[in-house]
Amino acid sequence: MNPQCILIHYHEIGLKGDNRSWFEKKFINNIETQLVNLPYTKVQLKAARILVFGIDSNQYVQYQERLKNVMGLKHAYLMSIVKLNENDINKEVQKQISNLNFKTFRISTKRQDKNFHLTSPELNQLIGANVVETTAKNVNLGNPDLNIIIELVNGEAYIGYKKISGYGGLPIGTGEKALSLISSGIDSPVASFLLLKRGVKIDYVHFHSVPSTSKQSINNVRKILSQLSKYQIECNLYNIPLLEIQQKIMENSIDKYWVILFRKAMYAISKLLADKLGINALITGENIGQVASQTISNIRAASDSIDIPVLRPLAGMNKEEIVNIAIEIETYDISIEPYEDCCSFFVPPHPSTSANVETIRKIEKTLNLDDLYHQLISNVTVESISFYE
């Protein structure tokens, strides 16, 4: 039996020019981290490909589940390794297809090793003709039942058809760090996932109103992060009680501005926490016009006084697009479980949809909340959530 490996193609790393080697090292490190407790001997870079050697092909499904979570991975294949000659390549292809049920096929060759005497189209034709002869199956270049991949790299041929599709993007840890304002709803987990795809390593802050609300939102967030943590292996969660601040806001301001002032408080506290953690950006799941607090005017009024970038990857998406991603990343079913949100629990009958920035600033000054903000940050605690625990 020929030795086997997993051959991985990365996504945007190939566009990084002089910095590419740094991204490749991060990518390889993330692959090794994901493969913890699975057998392999080494992960090696060869000609813009990452090769995982010494695997157990009987555990292919487990490799598939782990590797698809490595941000930066475009696709990967379970490959057999043979000598770089057409006879050995043909024998391996015939062996792999012998027990497969398919009607149409194609051969897809990539020739990195230009010393091989056949071009990619020539090898495709040669191997494809042999498959037709032995199976009487038809070639279909557009939408085949079976796509046999052949890669010619540094004097060896890698052959396989079992494909692992990844999310692409950039490796976790290449895009600095951000702090996500996470609720147990649908949107903020999706927003976090989209920034994970950009290589951003994320810590999370969750605001709650216990004991006026139940602890269900906290429990749901933990379950959501147990899903999101599989992309960066582990993450930190900061749970912050907002109730005392909310009560002061409700006692001293007009009810139509409550939610905007709640959000303003969350932004201010999150900015202080980000400063404490050395983090340079916040992430929110805000989506323009989805609810009253997420009009452009209200978003401006809620966040105008913080001097830190706020990343809003969902701003222009519709709800169906967001839900589809939530289903894909397995947070949707958790997000629709019953819970009491710290803001929606106190929503007034007629919230403002176009708050004036100056009006909100004046109200905020009368509330004198800064001491409460700093008190919360000085006493904040963290819990670590790890996917493989």
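A brief structural summary. Remember, it's a predicted structure, so these values are computed and weren't measured experimentally.

## Overview of the overall build of the protein
Next, step 1: What the protein contains, in helices and strands, is 13 helices and 14 strands.
Next, step 2: With the C-alpha coordinates of the protein rotated into their principal frame, the extents come out at 85 × 35 × 35 Å.
Next, step 3: Residue burial in the protein is summarised as follows: out of 389 residues, 53% are buried.
Next, step 4: Across the protein, contacts joining residues at least 24 apart in sequence account for 80% of those joining residues at least 6 apart.
Next, step 5: Summed over all atoms, the accessible surface of the protein reaches about 17,900 Å², with 47% contributed by carbon and sulfur.
Next, step 6: Counting 41 positive and 40 negative side-chain charges, the protein places the averaged centre of each group 4 Å from the other.

## With respect to the sheet that holds strand E13 (residues 310-311)
Two modes of strand pairing occur in sheets, parallel and antiparallel, and in both the strands are linked by backbone hydrogen bonds.
Next, step 1: In space, the six strands of this open sheet follow the order E13-E12-E9-E10-E11-E14, with mixed pairing throughout. The strands lining the two open edges of the sheet, one partner per strand, are E13 and strand E14 (382-386).
Next, step 2: Across the face of the sheet, helix H5 (residues 187-196) comes into contact with strand E9 (177-181), strand E10 (201-208), strand E12 (282-283) and E13 while running at roughly 165° to E10.
Next, step 3: Sheet contacts for helix H6 (residues 216-232): E10, strand E11 (234-241) and E14; angle to E11, the most-contacted strand, approximately 160°.

## Topic: helix H2 (residues 60-67)
Next, step 1: For H2, every residue scored as buried is listed here: Tyr60, Tyr63, Arg66 and Leu67. Within H2, the buried residues cover an arc of 130° as seen down the axis, which keeps them to one side.
Next, step 2: Those residues of H2 that are buried lie in contact with strand E1 (4-10), helix H1 (20-34), strand E4 (73-83) and strand E8 (156-165).

## Structural notes on the pairing of E10
Next, step 1: Among the eight residues in E10, seven count as buried, and that is most of the element.
Next, step 2: As defined by bridge partners, E9 adjoins E10 across five bridges and the pair is classed as parallel. Looking at the pairing, Ser180 lines up with Tyr204 of E10.
Next, step 3: Here five bridges tie E10 to E11, and the two strands are oriented parallel to one another. Within E11, the position partnered with Val205 by the bridge is Tyr238.

## Structural notes on helix H4 (residues 120-135)
Next, step 1: For H4, built from 16 residues, the straight-helix expectation of 22 Å at 1.5 Å per residue is met to within 8% by its first-to-last C-alpha distance of 22 Å.
Next, step 2: Those residues of H4 that are buried are in contact with helix H3 (86-97), strand E5 (104-111) and strand E7 (146-153).
Next, step 3: With its phi angle positive at about 60°, Ala136 sits one or two positions after the end of H4.

## What to know about the environment of Pro189
Next, step 1: With respect to the helices and strands, Pro189 occurs in helix H5.
Next, step 2: Pro189 gets classed as buried once you look at its relative accessible area, which sits at 0%.
Next, step 3: Separated by 38 residues in the primary sequence, Pro189 and Gln227 have C-alpha atoms spaced 9.5 Å apart.
Next, step 4: Once residues within four sequence positions are removed from consideration, Pro189 is found in contact with Ile182, Ser183, Ile224, Leu228, Ile329, Thr331 and Ser335.

## Things to note about the pattern of salt bridges
Next, step 1: In this structure the tally under the stated criterion is 18 salt bridges.
Next, step 2: The salt bridge partner of Lys319 is Asp187, with a shortest N-O separation of 2.7 Å. Of this pair, Lys319 sits in helix H10 (residues 319-328) while Asp187 sits in helix H5, and the two are 132 residues apart along the sequence.
Next, step 3: Accessibility expressed as a relative area gives 34% for Lys319, which makes it partly exposed.

Basis of the calculations
Residues numbered from 1 in each chain as written. Predicted model: local features only at pLDDT ≥ 70, side-chain atom pairs only at ≥ 80, totals over all residues. Heavy atoms only, no water. Helix = DSSP H or I, 4+ residues; strand = E, 2+ residues; numbered from the N terminus. Buried < 20%, exposed > 50% of the residue type's maximum accessible area, 1.4 Å probe, protein only. Contact = heavy atoms within 4.5 Å. Areas by Shrake-Rupley, 256 points an atom, 1.4 Å probe, with all protein chains shown as cover. Lys, Arg positive; Asp, Glu negative; His and termini not counted. Charge placed at Lys NZ, Arg CZ, Asp CG, Glu CD. Pairing = 2+ DSSP bridges. Axes fitted to C-alpha atoms, helices over the stretch in contact; angles between N-to-C directions. Arc of directions from axis to C-beta. Expected span 1.5 Å × (residues − 1). Salt bridge = Lys/Arg side-chain N within 4 Å of Asp/Glu carboxyl O.

Geometric values such as these leave the question of function open.
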